[in-house]
Amino acid sequence: LQVGGNATALLTGGTINFLTIGRYGTMTSSVTIDCKKDWEWLYTAGKVSGITGTWHNGTDFTIAFQNPPSPLLETWKSVHVIPEPASLVLIGLGGLLIRRRQRNNSQRASIDKKQ
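Residues numbered from 1 in each chain as written. Predicted model: local features only at pLDDT ≥ 70, side-chain atom pairs only at ≥ 80, totals over all residues. Heavy atoms only, no water.

Within the protein chain one finds 1 helix and 8 strands. Its helices and strands in sequence order give the protein chain the pattern β-β-β-β-β-β-β-β-α, from N to C terminus. Within the span of the protein chain, comprising 115 residues, buried residues form 24% of the whole. Across the protein chain, contacts joining residues at least 24 apart in sequence account for 44% of those joining residues at least 6 apart. Accessible surface computed for the protein chain: about 7900 Å², of which carbon and sulfur atoms make up 54%. (Helix = DSSP H or I, 4+ residues; strand = E, 2+ residues; numbered from the N terminus. Buried < 20%, exposed > 50% of the residue type's maximum accessible area, 1.4 Å probe, protein only. Contact = heavy atoms within 4.5 Å. Areas by Shrake-Rupley, 256 points an atom, 1.4 Å probe, with all protein chains shown as cover.)

Spatially, 5 strands are ordered S1-S3-S7-S6-S5 in an open sheet, and the strand pairing comes out mixed. Each edge of the open sheet is held by one strand with a lone partner, namely strand S1 (2–4) and strand S5 (40–44). Across the sheet, the axes of successive neighbouring strands diverge by a mean angle of 25 degrees, strand direction being ignored. Note: S5 against strand S6 (residues 47–54), 5 bridges, orientation antiparallel. Of the residues in S6, the one forming a bridge with Glu40 is Thr52. (Pairing = 2+ DSSP bridges. Axes fitted to C-alpha atoms, helices over the stretch in contact; angles between N-to-C directions.)

This brings us to the sheet that holds strand S4 (residues 30–34). Strand order in the open sheet formed by 3 strands is S2-S4-S8, with parallel pairing between adjacent strands. Pairing within the sheet leaves two strands with one partner each, and these edge strands are strand S2 (8–11) and strand S8 (79–82). Averaged over all pairs of adjacent strands, the angle between their axes in this sheet comes to 20 degrees, without regard to strand direction.

You can see Asn17 is positioned in the loop between S2 and strand S3 (18–22). Through-space distance from the C-alpha of Asn17 to that of Ala64 is 6.1 Å; in sequence the pair is 47 residues apart. If sequence neighbours within four positions are ignored, Asn17 has contacts with Thr62, Ile63 and Ala64.

Under the criterion given, the structure shown has 4 aromatic pairs. Their ring planes at 70 degrees and their centres at 6.0 Å tell us that Trp41 and Trp76 sit as a pair that is edge-to-face. One end of the pair, Trp41, is in strand S5; the other, Trp76, is in the loop between strand S7 (60–65) and S8, with 35 residues separating them in the sequence. By way of ring pairs, the aromatic residues Trp39, Trp41, Phe65 and Trp76 are connected into one cluster. (Phe/Tyr/Trp six-rings, centres within 6.5 Å; stacked < 30°, edge-to-face > 60°.)

Here's what the structure looks like:
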């Protein structure tokens, strides 16, 4: 898979053997990988060379990165991995609880001022 210019791609499953992202300057090309939280970068000679993990359907994947020639950024610098939906739900619930707590605290302060 090659992504370049100002293109974006969302990967959620299937077989992707190689990934190259051509990006430099003000280009916004990127790839987002939506998978389970067990993913990890692969390294060759101390450099990020790919990613491995599990798609949400339970299928394992390994994607090798092919870096474009200089001055383009290394492919991995334009790859974003998003947490699984359960993690997003927990983050959202935490935000709601913080908001509720702040609202309750401001209501208590308002009642205290009236008394």
